[in-house]
Each structure stands twice: as C-alpha cells, then as structure tokens.
Amino acid sequence: MTLVFPSMHNMAGRRINREKKTIAAMFSIYCRGKHEEQELCDDCRELLAYSEERLDKCPFQDKKNSCTKCLIHCYSQPMRDRVREVMRYSGPKMMAKHPYLAIMHLIDGKREPACKK
Ligand SMILES: [Zn+2]
C-alpha cells in the first residue's frame, strides 16, 4: 500500500479530487460485488459521471462536508437513492481496500457542516 500525501501548494480542488477518487473506488467495489463486472457497467458509469458532475458543481468545494450531509441539497431524488445504495454496500469495505481514502473520508465527515446561507 502506498500513502500519497498531496503537497501543500495547489490547495484548490484537492478536496474534490480526493472525493472523486473515493467515490470511484466505492463504485468499483460495488459494481464488482453486485454486478460482477470487472470494469464499471453502463449503469454504474452513468451514476459515477453524475456524481462527479455534482462534485464539480459543489458550491462548498474545499469546505465540503461528507456526502451524506450534502446529497440532500444537490442530488436528484432517484440519483440520491442509487448513490446511497452504493455507499451502503461499499462503505464498510473501504477500510480494507482503501484505508487512506476511508480515513480521510471519516475526517471530512467530522467537519462542521458547510452552510451556504
Ligand atoms: Zn455496475
């Protein structure tokens, strides 16, 4: 296992880029386990692309909290339900497969909820 600590410069987008890695890893675990695909199936790929788009448009960016607190505001209801299923399935498996991303995700969840207004 290799731990990669990003350098301190270029802070902008760092948080969102890590979030994208985390969510891609979760989709990979989910699709392999549930759909028995080596690569992401079309459904999972579509949902992942949607999630990445939400991250790109997330108004909080580097101040973003964990997804569970943000989903309510920016995902459409059906997409939110589908992503939640992926998280529920992959979440407990992340610590074993991607400990760095899993730990960072836990730390992000401890932040004060970002508030736009
Ligand atoms: Zn799939």
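Computed from a predicted model, the values in this text were never measured in an experiment.

Colleague: Would you take a moment to explain the coordination of the zinc ion for this structure?
Modeller: When a metal holds four donors in a tetrahedron, each ideal angle between them is 109.5 degrees; when it holds six in an octahedron, the ideal angles are 90 or 180 degrees. With distances of 1.9 to 2.3 Å, the protein atoms coordinating the zinc ion are Cys31 (SG), His35 (ND1), Cys41 (SG) and Cys44 (SG). The sequence pattern describing where the donors of the zinc ion fall on their chain is C-x3-H-x5-C-x2-C. With relative accessibility at 34%, the residue His35 sits in the partly exposed group. Of the residues examined, Cys41 reaches a relative accessible area of 14% and is grouped as buried.

Colleague: Sorry if this is basic, but what is going on with the environment of Pro92 here?
Modeller: Along the chain, the position of Pro92 falls in helix H4 (residues 77-97). The class for Pro92 is exposed, based on a relative accessible area of 64%. Distance in space between the C-alpha atoms of Pro92 and Met26 is 10.0 Å, their sequence separation being 66 residues.

Colleague: Explain a negative patch on the surface to me, please; I cannot follow it from the model alone.
Modeller: Negative charge collects at one region of the surface, where Glu36, Glu37, Asp42 and Asp43 lie side by side. Within the secondary structure layout, Asp43 lies in helix H2 (residues 42-57).

Colleague: Sorry if this is basic, but what is going on with the environment of Lys21 here?
Modeller: Position of Lys21 relative to the elements: it lies in helix H1 (residues 14-35). According to the relative accessible area criterion, Lys21 is exposed, its value standing at 57%. In the structure, Lys21 is positioned 80 residues away from Leu101 in sequence and 7.9 Å away in space, judged by C-alpha atoms.

Conventions we followed
- Residues numbered from 1 in each chain as written.
- Predicted model: local features only at pLDDT ≥ 70, side-chain atom pairs only at ≥ 80, totals over all residues.
- Heavy atoms only, no water.
- Donors = N, O, S within 2.8 Å, 3.2 Å for Na, K, Ca; no water.
- Buried < 20%, exposed > 50% of the residue type's maximum accessible area, 1.4 Å probe, protein only.
- Helix = DSSP H or I, 4+ residues; strand = E, 2+ residues; numbered from the N terminus.
- Patch = residues over 30% accessible without salt bridge, like charges linked within 9 Å, V, L, I, M, F, W, Y side chains within 5 Å.
- Areas by Shrake-Rupley, 256 points an atom, 1.4 Å probe, with all protein chains shown as cover.
- Salt bridge = Lys/Arg side-chain N within 4 Å of Asp/Glu carboxyl O.
- Lys, Arg positive; Asp, Glu negative; His and termini not counted.
- Charge placed at Lys NZ, Arg CZ, Asp CG, Glu CD.

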